[in-house]
Amino acid sequence: MIADLVGSRSVRRALGAAGIVATLAFSAPWLSPYDPNEHLDAVELRIAGPSWHHPLGTDLFSRDVLSRVLYGTRVSLTVAALSVLVSVTLGTAVGMAAWLAGGAVDTVLMRLVDGALAIPRILLLLVIAALWNHINLAALVAILGLTSWFGTSRVVRAEVLSARAREYVAAARSLGLSRVRIATQHVLPNIAGPILVAASLGVGQIILVEAGLSFLGLGLAPPTASLGAMIQEGQSFVYQAPWVVVAPGVVIVLTVLVFSALGESLREALDPRSGGRPA
Amino acid sequence: MTAVLSVRDLGVTFDTPRGPARAVDGVSFDLHAGETLALVGESGCGKTVTALSILRLLPDAARVAPGASITYAGADILKLEAEPLRQVRGAGIAMVFQEPMTSLNPVLSVGWQIAETVLAHKSVGRATADARAIEVMKLVGIADAEDRYRAYPHQLSGGLCQRVMIAMALACEPKVLIADEPTTALDVTIQAQILELLVDLKRRLGLSVLLISHDLALVSGVADRIAVMYGGHIVEEAATADVFAKPVHPYTEGLLGAVPRIDRPELRLAAIPGNVPPATEWPAGCRFHPRCAHAWDRCSTGEPGLVAAGANRTARCWLIEEPGRRKSS
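Every value quoted in this text rests on a predicted model; they were computed, and no experiment measured them.

Each value, and the rule that gives it
Residues numbered from 1 in each chain as written. Chains lettered and ligands numbered in written order. Predicted model: local features only at pLDDT ≥ 70, side-chain atom pairs only at ≥ 80, totals over all residues. Heavy atoms only, no water. Helix = DSSP H or I, 4+ residues; strand = E, 2+ residues; numbered from the N terminus. Rg over C-alpha atoms; globule rule 2.2 N^0.38 Å. Buried < 20%, exposed > 50% of the residue type's maximum accessible area, 1.4 Å probe, protein only. Contact = heavy atoms within 4.5 Å. Areas by Shrake-Rupley, 256 points an atom, 1.4 Å probe, with all protein chains shown as cover. Lys, Arg positive; Asp, Glu negative; His and termini not counted. Charge placed at Lys NZ, Arg CZ, Asp CG, Glu CD. Pairing = 2+ DSSP bridges. Polar contact = N/O pair within 3.5 Å; in protein donor to acceptor, adjacent residues only side chain to side chain. Salt bridge = Lys/Arg side-chain N within 4 Å of Asp/Glu carboxyl O. Phe/Tyr/Trp six-rings, centres within 6.5 Å; stacked < 30°, edge-to-face > 60°. Lys NZ or Arg CZ within 6 Å of the ring centre and 35° of its normal. pLDDT = per-residue confidence, 0-100. Axes fitted to C-alpha atoms, helices over the stretch in contact; angles between N-to-C directions. Parallel < 35°, antiparallel > 145°, perpendicular 65-115°, else oblique. Left-handed = near helix turned anticlockwise from the far one by under 90°. Nonpolar A, V, L, I, M, F, W, Y, C, P; charged D, E, K, R; others polar. Patch = residues over 30% accessible without salt bridge, like charges linked within 9 Å, V, L, I, M, F, W, Y side chains within 5 Å.

### Topic: the overall build of chain B
Part 1 of the argument: When helices and strands are counted, chain B shows twelve helices and 13 strands.
Part 2 of the argument: Against the 2.2 N^0.38 benchmark of 20 Å for 329 residues, chain B shows a C-alpha radius of gyration of 21 Å, consistent with a compact globule.
Part 3 of the argument: Across its three principal directions, the C-alpha atoms of chain B cover 65 × 50 × 40 Å.
Part 4 of the argument: Buried positions account for 54% of the 329 residues belonging to chain B.
Part 5 of the argument: The long-range share in chain B, meaning contacts at least 24 apart out of those at least 6 apart in sequence, stands at 65%.
Part 6 of the argument: Carbon and sulfur atoms form 54% of the exposed surface of chain B, whose accessible area is close to 14,300 Å².
Part 7 of the argument: The averaged location of the 36 negative side-chain charges in chain B is 2 Å from the averaged location of its 33 positive side-chain charges.

Below, the structure is given as structure tokens:
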């Protein structure tokens, strides 16, 4: 299956693009020309336009925007990757558990998930974030991860239900494999594809949600550079210094596009009807 | 001969929107040590449901009649707790399914899947399980077993996949092998090879085989005894030679008439008129009477029981009591 995925041209392209974004973000300490939090020159470099020394200009506190965008992308990607890890693990575990336990447990779990899905995500996040005093990276990952697994658990349960009806599961049962063994050894590898799709689409979504939270002032505490926080800081003087807002905005759009494209190309490569995968 | 597996009064009902469907009704048979018993019948006659009930693999919607019992190794399978049941599956009674391609997990290598079965039943390490997997792959005649261990199902032919399924079934040395239409999905030449393999394995390992098939001609060379099913009943059970020499039940007669005979090429193949009615609407009386050439009024009112019809054979037909009514063909 992995070979099929890598064999798909659109998957390779999207993977390459995602790789470039991730490499740039995680090389921030080496690529950045300045310390992202350093106030360089409060008089001369206060909202200075793009120049040779500061390709993306500087912000209100005379900090280099390019450095802040690089560090901000690193923060956003880290938060997104870790949150997705939490949410996908949790979602998969709950989806599988719902099937394994079956009956009333399944029904109760899935109705709870339905209920959670009915609450607007941003409202839920606002309430949680408002109750938190000082949000550090771990707290943000926990908040985002713990509120975004509902959809994944539905997907996993649906996939498990369809995998369960396959003949190989009946064959495995007939040969005396236990339910847990069938779930982990036979069903899980078969639903790895949809989980992968959910994960890479999730990265894009979480970047957006995190940017939104930061924009509302509920993200990581300043002066930590984050893409959403940069837009929030720059909005009040967007007419005098558009570069402060445009740079992180463009990065958000590009990053989200890249990970959505990755998710879509994976979905397509995994869909037998699209002909992307040999039968 | 001792019975390895005894099925008594097995009835299975499915609740459907059109009322209860009695898919299997009052089925009893014994599978003796070292013999091959074939369950033969058209689609919808209850063969597969019977096979699935033996390993309790029926869907949740199925209800098994309260008086039924399926005895294996001194215990009633229908009353087993989860763990002993799991032990019987695979290590006592193993099953081979109709579609080898879909019965194997597409994303796992075939050797790994065989080893999985070993690990499910024996407390051995991965290496021992792998060695056993390769050993059974050789047993079922897979060449280059070490290389094929790593192959995925889509890389193997249908015949090879079915050999892998049989290897999986035999990995934990079961006493009974249930083969549900094991050759139906395969090419004719491969069918013969797989049947030969089953016969050979049965002899070498002392297995008892319950062979399920719609093809009377196919089982004739393999089965020691044949039980013909119609409408959820066993309508005739006898040694294979007796069935072919002189079928008692008109349905068996009809099935035999539909088998092409190389020694009588001038004979037209006879079709049995009509279809098997749905299991929700069995006709009153004998379930076969609407399609039976010999039927008279008694057949539409009273349901015949399974009675002796000679030495070591039984059938479910009023003609046994009133042989004079048999119309000569």
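### Details of the sheet that holds strand β13 (residues 314-315) of chain B
The strands that make up a sheet pair up through hydrogen bonds in the backbone, lying either parallel or antiparallel.
All names here are of chain B.
Part 1 of the argument: The eight strands lie next to each other as β7-β8-β9-β3-β10-β11-β13-β12, forming an open sheet whose pairing is mixed. Both outer strands of the open sheet, β7 (93-96) and β12 (307-308), are each paired with one neighbouring strand and no more.
Part 2 of the argument: The pairing of β7 with strand β8 (residues 176-180) spans four bridges and is classified as parallel. Residue pairing for β8: isoleucine 93 is matched across the bridge by valine 176.

### Section: the side chain of asparagine 190 of chain A
Part 1 of the argument: As for its position among the elements, asparagine 190 of chain A is in helix α10 (residues 179-190).
Part 2 of the argument: For asparagine 190 of chain A, a relative accessible area of 18% gives the class buried.
Part 3 of the argument: Among the polar contacts made by the side chain of asparagine 190 of chain A, one reaches the main-chain carbonyl oxygen of histidine 186 of chain A at a distance of 2.8 Å.
Part 4 of the argument: Among the polar contacts made by the side chain of asparagine 190 of chain A, one reaches the side chain of asparagine 105 of chain B at a distance of 2.5 Å.

### So, the pattern of salt bridges
Residues and elements named next belong to chain B.
Part 1 of the argument: In this structure the tally under the stated criterion is 30 salt bridges over all chains.
Part 2 of the argument: For glutamate 35, the salt bridge goes to arginine 225, with nearest N and O atoms at 2.6 Å. In this pair, glutamate 35 sits in the loop between β2 (19-32) and β3 (36-40) while arginine 225 sits in strand β10 (residues 225-230), placing the two residues 190 residues apart along the sequence.
Part 3 of the argument: Here lysine 202 and aspartate 224 are joined by a salt bridge, their closest N and O atoms 3.4 Å apart. With lysine 202 in helix α8 (residues 188-205) and aspartate 224 in the loop between α9 (216-220) and β10, the pair connects residues that are 22 residues apart, well separated along the chain.
Part 4 of the argument: Under the relative-accessibility criterion, aspartate 224 is labelled partly exposed at 35%.

### Describing helix α7 (residues 137-146) of chain A
Part 1 of the argument: Within the span of α7 of chain A, buried status applies to Ala139, Leu140, Val141, Ile143, Leu144 and Gly145 of chain A.
Part 2 of the argument: Each element contacted by the buried residues of α7 of chain A is listed here: α4 (65-101), α6 (121-131) and α11 (192-215) of chain A.

### Comments concerning the packing of aromatic side chains
Residues and elements named next belong to chain B.
Part 1 of the argument: As enumerated under the stated definition, the model contains four aromatic pairs over all chains in all.
Part 2 of the argument: When the centroid spacing of 4.6 Å and the interplanar angle of 55 degrees are considered together, the rings of tyrosine 230 and tyrosine 251 count as tilted. Of this pair, tyrosine 230 sits in strand β10 while tyrosine 251 is found in helix α11 (residues 250-257), placing the two residues 21 residues apart along the sequence. This pair shows no difference in class: tyrosine 230 is buried, exactly as tyrosine 251 is.
Part 3 of the argument: With a centroid separation of 5.2 Å and 65 degrees between ring planes, the pair formed by tyrosine 251 and phenylalanine 288 is classed as edge-to-face. A residue pair is termed long-range when its members are at least 10 positions apart, and tyrosine 251 in helix α11 and phenylalanine 288 in the loop between α11 and α12 (297-301) qualify at 37 residues.
Part 4 of the argument: By relative accessible area, tyrosine 251 is classed as buried at 0%.
Part 5 of the argument: Pairwise contacts between aromatic rings join Tyr230, Tyr251 and Phe288 into one cluster.
Part 6 of the argument: The ring centre of tryptophan 318 lies 3.7 Å from the NZ or CZ of arginine 298, which sits over that ring.

### A word on the confidence of the model for chain A
All names here are of chain A.
Part 1 of the argument: Predicted confidence across chain A gives a mean pLDDT of 81, with 92% of residues reaching 70 or more.
Part 2 of the argument: The secondary-structure element of chain A with the lowest mean pLDDT is helix α1 (residues 2-7), recorded at 63, while α4 shows the highest, at 87.
Part 3 of the argument: Under a pLDDT of 50 for its full length, residues 275-279 has, in the predicted model, nine contacts with residues more than four places off or in other chains.

### Quick word on the packing of α4 of chain A against α11 of chain A
Residue and element names in this part refer to chain A.
Part 1 of the argument: Two elements in contact, α4 and α11, have axes separated by 8 Å at closest approach and are oriented at 135 degrees. On the basis of their axis angle, the class for α4 and α11 is oblique. In this structure, α4 crosses over α11, and the sense of that crossing is right-handed. From α4, Ser76, Leu77, Val79, Ala80, Ser83, Val84, Val88 and Thr92 reach across to α11, where they touch Ile195, Ala199, Gly202, Val203, Ile206, Ile207 and Glu210.
Part 2 of the argument: Residues belonging to the contact of α4 with α11 are distributed by class as follows: ten nonpolar, four polar and one charged.

### Description of the pairing of β3 of chain B
Residue and element names in this part refer to chain B.
Part 1 of the argument: For β3, the buried fraction is high: five of the five residues fall into the buried class.
Part 2 of the argument: Burial of the side chains of β3 extends over both faces: Thr36, Ala38 and Val40 are buried on one face and Leu37 and Leu39 on the other.
Part 3 of the argument: Taken together, the five bridges between β3 and strand β9 (residues 208-213) define a ladder with parallel strand orientation. Across the sheet, leucine 37 pairs through a bridge with leucine 210, a residue of β9.

### Looking at unusual backbone geometry
Residues and elements named next belong to chain B.
Part 1 of the argument: Residues other than glycine seldom take positive phi values, yet arginine 56 does so here, at roughly 50 degrees.
Part 2 of the argument: Looking at where arginine 56 falls in the secondary structure, it is placed in the loop between α1 (47-54) and β4 (62-64).
Part 3 of the argument: For alanine 73, which is not glycine, the phi dihedral falls at a positive 50 degrees.
Part 4 of the argument: Among the structural elements, alanine 73 can be located in the loop between β5 (69-72) and β6 (75-76).

### A closer look at the environment of isoleucine 272 of chain B
Residue and element names in this part refer to chain B.
Part 1 of the argument: Tracing the backbone through its elements, the reader meets isoleucine 272 in the loop between α11 and α12.
Part 2 of the argument: Take isoleucine 272: its relative accessible area is 19%, and that puts it in the buried class.
Part 3 of the argument: Placed 197 residues apart in sequence, isoleucine 272 and alanine 75 show a C-alpha to C-alpha distance of 40 Å.
Part 4 of the argument: Filtering out sequence-adjacent residues up to four positions away, isoleucine 272 remains in contact with Tyr251, Gly254, Leu255, Phe288 and Arg291.

### Digging into a nonpolar patch on the surface
All names here are of chain A.
Part 1 of the argument: A grouping of Ile119, Ile122, Leu123, Phe215 and Leu216 is seen on the molecular surface, where their side chains present a nonpolar patch of about 420 Å² in accessible area.
Part 2 of the argument: Mapped onto the elements, leucine 216 comes out in the loop between α11 and α12 (227-234).
Part 3 of the argument: Residue classification places leucine 216 among the partly exposed residues on the basis of a relative accessible area of 47%.

### Focus: the packing of α11 of chain A against helix α13 (residues 243-270) of chain A
Residue and element names in this part refer to chain A.
Part 1 of the argument: Two numbers describe how α11 lies on α13: the axes approach to 8 Å, and their chain directions differ by 165 degrees. What the angle tells us is that α11 and α13 run roughly antiparallel. For the element pair α11 and α13, the recorded crossing hand is left-handed. Contacts from Gly193, Pro194, Leu196, Val197, Ser200, Leu201, Val203, Gly204, Ile207, Leu208 and Ala211 in α11 reach Ile252, Thr255, Val256, Phe259, Ser260, Leu262, Gly263, Glu264, Leu266, Arg267 and Leu270 in α13.
Part 2 of the argument: Tallied by class, residues from the contact of α11 with α13 come to 14 nonpolar, six polar and two charged.

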